[in-house]
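# Reading the structure
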Amino acid sequence: KQEVTQIPAALSVPEGENLVLNCSFTDSAIYNLQWFRQDPGKGLTSLLLIQSSQREQTSGRLNASLDKSSGRSTLYIAASQPGDSATYLCAVLDGTYKYIFGTGTRLKVLA
Amino acid sequence: GAVVSQHPSRVICKSGTSVKIECRSLDFQATTMFWYRQFPKQSLMLMATSNEGSKATYEQGVEKDKFLINHASLTLSTLTVTSAHPEDSSFYICSAPGLPGVNEQFFGPGTRLTVL
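Residues numbered from 1 in each chain as written. Chains lettered and ligands numbered in written order. Predicted model: local features only at pLDDT ≥ 70, side-chain atom pairs only at ≥ 80, totals over all residues. Heavy atoms only, no water.

## Some points on the state of the cysteines
Covalent bonding between the sulfur atoms of two cysteines defines a disulfide. For the structure shown, the criterion picks out two disulfides over all chains. Covalent S-S linkage joins C23 of chain A and C90 of chain A, the inter-sulfur distance amounting to 2.0 Å. Handedness here is read from the sign of the S-S torsion; for C23 of chain A and C90 of chain A, about 75°, the answer is right-handed. Residue C23 of chain A is located in strand β3 (residues 19-25), and its partner C90 of chain A is located in strand β9 (residues 86-94); the two are separated by 67 residues in the primary sequence. The buried category is assigned to C90 of chain A, whose relative accessible area is 0%. Two residues, C23 of chain B and C94 of chain B, share a disulfide whose sulfurs are 2.0 Å apart. Across the disulfide from C23 of chain B to C94 of chain B, rotation about the S-S bond amounts to roughly 85°, and the bridge is consequently right-handed. (Disulfide = S-S within 2.5 Å. Helix = DSSP H or I, 4+ residues; strand = E, 2+ residues; numbered from the N terminus. Buried < 20%, exposed > 50% of the residue type's maximum accessible area, 1.4 Å probe, protein only.)

Structure follows, in C-alpha cells:
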C-alpha cells in the first residue's frame, strides 16, 4: 500500500530564506508526483507536476525534484516571502491511477 | 488547463439531513472522478472512485450506504451524504483526470460541510 510522508510537519522561517520541503513515498510505481499549496480553509492550488520520467520541474522561485528509485521528492522554495505561508502537500498518482496525498508541511514565513 | 467545479462551496445542515455535493468537469469529459475528504489539520484521503455508467468503488472504511455517489453523465458526479452527523463535517474535494496519457488530474475547489 502506497504511503506518502512529508517532513517536516511544520516549518517557521524568516523572510528571504531558501527552504526545502521533503516528500517520500514507499512504492516507486507512480505515474507522477504533484506538489500543491493549500491556504487555510481553501482548496488546492497546483504548483508543480513531475511526470515519472522526469527528474525536476521549475516554476519561478519553485523547483521540485523527483528521484523515483529512492522514493523521494523535494520542493525547493527560493527567497521565501510571507505570502508563501500555507500548507504544502505532495501527492503521487499511483499504479491504480489514484492520488495518494502526503501528510503536509505547514509553512510560516515571518516578515 | 481543465476546470473542475463544485457546488455548493459551503453548506451547513442539521444532523439527520442529507446533503448533495456536485462535481462538474466544465470543459472536458470525465468517465472517472474521485472524491476526497479532508478533516481539519489533516491531509486529503481518497473516499471513492466515481465511474460513469457503473457503480462507484469505495476505499476501505468508507460506508457506501452513507456516501452515495452517482456519476450521472460524462461531466457530472454527485456525492450525497445521507443522514449527516457532526462527525461528517469535513472538506470534500473532487478531482477528474484530464487528457488520456497526460496523467494529470484536476481538482475542484472543495465543499465545506458543517453538520450541526
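Picking up after the structure, the text goes on.
## Topic: the pattern of salt bridges
Under the definition given, this model contains five salt bridges over all chains. The closest approach of N and O atoms between D84 of chain A and R61 of chain A, which form a salt bridge, is 2.8 Å. Separated by 23 residues along the polypeptide, D84 of chain A in the loop between β8 (72-77) and β9 and R61 of chain A in the loop between β6 (56-59) and β7 (62-67) bring together distant segments of the chain. Across the salt bridge formed by K66 of chain B and D88 of chain B, the nearest N and O atoms sit 2.9 Å from each other. Linking K66 of chain B in the loop between β6 (57-58) and β7 (67-73) with D88 of chain B in the loop between β8 (76-81) and β9 (90-97), this pair joins segments that are 22 residues apart in sequence. (Salt bridge = Lys/Arg side-chain N within 4 Å of Asp/Glu carboxyl O.)

## Brief notes about the interface of chain A and chain B
Facing 19 residues of chain A, the contacting portion of chain B comprises 18 residues. Contact with chain B buries surface across chain A, with Y97, K98 and Y99 of chain A losing the most and accounting together for 34% of the total. Inspection of the region where chain A meets chain B yields one salt bridge. For the pair chain A and chain B, the number of links is four residue pairs in polar contact (both at pLDDT 80 or more). Within the residue set of the side of chain A that touches chain B, elements represented by two or more residues are β4 (30-38), β5 (44-51), β9 and β10 (99-101) of chain A. Among the elements that line the side of chain A that touches chain B, the one with the most residues is β4 of chain A, at five residues. (Contact = heavy atoms within 4.5 Å. Buried area = accessible area lost by both parts, 1.4 Å probe. Polar contact = N/O pair within 3.5 Å; in protein donor to acceptor, adjacent residues only side chain to side chain.)

## Section: the pairing of strand β3 (residues 19-25) of chain B
On any regular strand, side chains alternate: one points to one face of the sheet, the next to the other face. Residue and element names in this part refer to chain B. Burial along β3 is one-sided: V19, I21, C23 and S25 are buried, while K20, E22 and R24, pointing the other way, are not. The pairing of β3 with β8 spans six bridges and is classified as antiparallel. Bridge assignment links E22 to a residue of β8, and that residue is T78. (Pairing = 2+ DSSP bridges.)

## Some details on the sheet that holds strand β1 (residues 4-7) of chain A
Residues and elements named next belong to chain A. Taken together, the five strands give an open sheet; going across it, the order is β1-β3-β8-β7-β6, and neighbouring strands pair in antiparallel fashion. In the strand order of this sheet, the two ends are held by β1 and β6, each with one partner. With direction set aside, neighbouring strand axes in the sheet form an average angle of 15°. (Axes fitted to C-alpha atoms, helices over the stretch in contact; angles between N-to-C directions.)

## Examining the sheet that holds β8 of chain B
All names here are of chain B. The four strands are arranged β1-β3-β8-β7 in an open sheet whose pairing can be described as antiparallel. The open sheet is flanked by β1 (4-7) and β7, the only strands paired with a single partner. In this sheet, neighbouring strand axes are inclined to one another by 20° on average, regardless of whether the strands run parallel or antiparallel.

## Description of unusual backbone geometry
P8 of chain A follows I7 of chain A through a cis peptide bond whose omega is 0°. One can find P8 of chain A in the loop between β1 and β2 (10-14). A cis amide bond links H7 of chain B with the next residue in sequence, P8 of chain B, at an omega value of 0°. With respect to the element layout, P8 of chain B can be found in the loop between β1 and β2 (10-13).

## Overview of the nonpolar core
Proteins that are soluble and globular tend to have nonpolar side chains buried together. Counting 25 residues, the largest nonpolar core has V4, W35, F67, L79, Y92 and L113 of chain B as its most contacted members. Of all the elements in the fold, those that place two or more residues in this core are β2, β3, β4 (32-38), β5 (44-51), β7, β8, β9 and β11 (111-115) of chain B. (Core = buried A, V, L, I, M, F, W, Y, C linked by side-chain atoms within 4.5 Å.)

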